[in-house]
Amino acid sequence: MNENYSSLQDINKLKVVLIETLITPTLDYVQVGIPGFTTHGRVHSANLVEIIDNLLEKIHFSEAELFILYCSSWLHDIGCIKDRKKHNELTIEILDQYPIFESHVTSKAYPLIKTVILAHSSNYDKIDEIPLLATLFSENDTRLRLISALFRLIDGCDITTSRVDVLLYSITKVDLPLENKKHWDAHREIQNIVFDTENGVIQVYTEGNVDNFLIDHLEEEYNSVSHILIDHGIPLYSIEREQIPKREWDEDA
Amino acid sequence: MGEALSKEFIVASEIFHANKMNEKIWFSKLVDKLKPIMSKVTVSKSIDTLFDWNIVKGEYGETTPGHSGRLLKITNESKDRMTTVYEEYWAPYRDSKLGPKT
């Protein structure tokens, strides 16, 4: 179980832990979609939580905003169980079908979480119509449009090598269609992504060629929300790519 | 019990230890810590295996001031497993193997 959420008050931390506990067995069944896409299951959600925690060191979030972001991390992709296309809408359908989710997060938080989840896909073109502010624990404590934009970006940032199960790939790659193999290989090359707010860039470190289509897609995601980030004074103005040496210990040893 | 771990999991456990202590750890620092029990080549091969099996990941960042490298971390999906491995098979024996205050 994830040991994060330390910035939340105990009562909200408990709620997030309950959501995580509730959803992770189901996330294990979000199919990898062999020979299609890399995982949208438990590991992906855990990675988003880690990205949020890294962002915490650089951007101040309210208790409410963190709570919504963490819950969204765990819930946003369960629609992939049905279909990857329009999975954001499918996720909402699933959540609405089972009242336990709303009861866990509370009826005040639930519509805000659904807004963030709906907006996380780039096919959602109404992100600029999301209210700027919302109230969860106290008056206007949630910059709803901002965290919707940030969550789309955070989701887009989970493109690193951690998306690739090495054993699975090793077994299946021989039979993978070339198009899918390119996808997996592209993930394998991306080492990590850093939000460098001091220099105003999202830094992508890649072992492979910086001309990586996954990074291109991340740029598209970023471009779809950058105006919202800038309007809110978030110092992330561009995506930078840097090629890093392959594992340095191979040369050292 | 202290002999139960493979060299790969000793390396992983030591990385886990550093992550747990919120200490940055990278290849040469890890080699230094494990010097009493393991050669540089062994550490290198072990890390390769751990990377291949997605137990360890590297995040490019600052190691010492002004220097960059791969900061080693246990992957999210391996954390639960490594917690057990570390607590039962490495933590109780670490000091006797590596010397205290490493």
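Refer to the structure printed above.
Residues numbered from 1 in each chain as written. Chains lettered and ligands numbered in written order. Predicted model: local features only at pLDDT ≥ 70, side-chain atom pairs only at ≥ 80, totals over all residues. Heavy atoms only, no water.

A.B. asks: For this particular structure, what's the right way to read the overall build of chain B?
C.D. replies: What chain B contains, in helices and strands, is 5 helices and 2 strands. Each helix and strand of chain B, ordered N terminal to C terminal, gives the series α-α-α-β-β-α-α. Here chain B has a C-alpha radius of gyration of 13 Å; the compact-globule value for 102 residues is 13 Å, and the two agree. Reported as C-alpha extents along the three principal axes, the dimensions of chain B are approximately 40 × 30 × 25 Å. Averaging the positions of the 16 positive and the 14 negative side-chain charges in chain B gives two centres separated by 5 Å. (Helix = DSSP H or I, 4+ residues; strand = E, 2+ residues; numbered from the N terminus. Rg over C-alpha atoms; globule rule 2.2 N^0.38 Å. Lys, Arg positive; Asp, Glu negative; His and termini not counted. Charge placed at Lys NZ, Arg CZ, Asp CG, Glu CD.)

A.B. asks: What is the right way to read the side chain of Ser45 of chain A from this model?
C.D. replies: Residue and element names in this part refer to chain A. Locating Ser45 in the fold gives a position in helix 2 (residues 42-56). By relative accessible area, Ser45 is classed as buried at 1%. Residues in contact with Ser45, not counting those within four places in the same chain, are Leu27, Ser73, Trp74 and His76. (Buried < 20%, exposed > 50% of the residue type's maximum accessible area, 1.4 Å probe, protein only. Contact = heavy atoms within 4.5 Å.)

A.B. asks: In this structure, what is going on with the sheet that holds strand 1 (residues 190-196) of chain A? I would like to understand it.
C.D. replies: As a general point, the strands of a sheet are linked pairwise by backbone hydrogen bonds and lie either parallel or antiparallel. Residues and elements named next belong to chain A. Ordered in space as 1-2-3, the 3 strands form an open sheet in which the pairing is mixed. Here the strands that pair on one side only, and so sit at the sheet edges, are strand 1 and strand 3 (238-243). Shown here is a sheet whose adjacent strand axes are inclined to one another by a mean of 20°, direction ignored. Alignment of strand 1 against strand 2 (residues 201-206), held across 6 bridges, turns out to be antiparallel. Following the sheet pairing, Asp196 is matched in strand 2 by Val201. Of the strands in this sheet, strand 1, strand 2 and strand 3 are in contact with helix 10 (residues 213-231), which crosses strand 3 at around 165°. (Pairing = 2+ DSSP bridges. Axes fitted to C-alpha atoms, helices over the stretch in contact; angles between N-to-C directions.)

A.B. asks: Before we go on, may I ask you to explain a nonpolar patch on the surface in this structure?
C.D. replies: Among the surface-exposed residues, Ile11, Leu14 and Leu18 of chain A lie close enough to one another that they form a single nonpolar patch of about 260 Å² accessible area. Position of Leu14 of chain A among the secondary structure elements: in helix 1 (residues 10-27). (Patch = residues over 30% accessible without salt bridge, like charges linked within 9 Å, V, L, I, M, F, W, Y side chains within 5 Å. Areas by Shrake-Rupley, 256 points an atom, 1.4 Å probe, with all protein chains shown as cover. Salt bridge = Lys/Arg side-chain N within 4 Å of Asp/Glu carboxyl O.)

A.B. asks: Just to check I follow, could you spell out the interface of chain B and chain A for this structure?
C.D. replies: Every contact between the two is made by 20 residues of chain B and, on the other side, 26 residues of chain A. Roughly 2,100 Å² of surface becomes buried between chain B and chain A when both sides are summed, with 47% attributable to carbon and sulfur atoms. Interface area lost by chain B to chain A is led by Tyr60, Arg70 and Asn76 of chain B, which between them contribute 33%. The residue Glu50 of chain A makes a salt bridge to Lys57 of chain B at a minimum N-O spacing of 3.1 Å. Between chain B and chain A we count 8 residue pairs in polar contact (both at pLDDT 80 or more) in total. Secondary-structure elements contributing two or more residues to the side of chain B that touches chain A are helix 3 (40-52), strand 1 (56-62), strand 2 (68-74) and helix 4 (76-90) of chain B. Broken down by element, the side of chain B that touches chain A gets its largest block of residues, 7 residues, from helix 3 of chain B. For the side of chain B that touches chain A, the class distribution of residues is 7 nonpolar, 5 polar and 8 charged. (Buried area = accessible area lost by both parts, 1.4 Å probe. Polar contact = N/O pair within 3.5 Å; in protein donor to acceptor, adjacent residues only side chain to side chain. Nonpolar A, V, L, I, M, F, W, Y, C, P; charged D, E, K, R; others polar.)

A.B. asks: Please clarify how the environment of Glu198 of chain A should be interpreted in this entry.
C.D. replies: Relative to the elements of secondary structure, Glu198 of chain A occurs in the loop between strand 1 and strand 2. Glu198 of chain A sits in the exposed class, given a relative accessible area of 78%.

A.B. asks: Is there a simple way to explain the pairing of strand 2 of chain B in this structure?
C.D. replies: Within a regular strand, side chains alternate between the sheet's two faces. Residues and elements named next belong to chain B. Most of strand 2 is tucked away: 5 of the 7 residues are buried. Summarising the sheet, strand 1 and strand 2 pair through 7 bridges and their orientation is antiparallel. When the bridges of strand 2 are listed, Glu62 appears paired with Ser68. Following strand 1, the chain reverses through 5 residues before pairing antiparallel with strand 2; Gly66 in that reversal takes a positive phi of roughly 85°.

A.B. asks: How should I be thinking about the pattern of salt bridges in this particular structure?
C.D. replies: Side-chain pairs of opposite charge can arise whenever the charged atoms involved come near each other. Scanning the entire structure with this criterion turns up 15 salt bridges over all chains. Notably, a salt bridge pairs Arg70 of chain B with Glu207 of chain A, separated by 2.9 Å at the nearest N-O pair. One end of the pair, Arg70 of chain B, is in strand 2; the other, Glu207 of chain A, is in the loop between strand 2 and helix 10, on a second chain. Judged on exposure class, the residue Arg70 of chain B and its partner Glu207 of chain A are both buried. When the shortest N-O distance is used, the salt bridge between Asp32 of chain B and Lys35 of chain B registers 3.3 Å. Overall, the relative accessible area of 56% leaves Lys35 of chain B in the exposed class. Because the salt bridges share partners, they merge into one network encompassing Glu50 of chain A together with Lys57, Glu59 and Lys73 of chain B.

A.B. asks: What should I look at first to understand the environment of Tyr70 of chain A in this one?
C.D. replies: Residue and element names in this part refer to chain A. Structurally, Tyr70 is set in helix 3 (residues 63-75). As a C-alpha pair, Tyr70 and Val49 span 21 residues in sequence and 6.2 Å in three-dimensional space. When neighbours within four sequence positions are excluded, Tyr70 is seen to be in contact with Tyr5, Leu8, Val16, Val49, Ile52, Asp53 and Leu56.

Shape descriptors only; they carry no functional weight alone.
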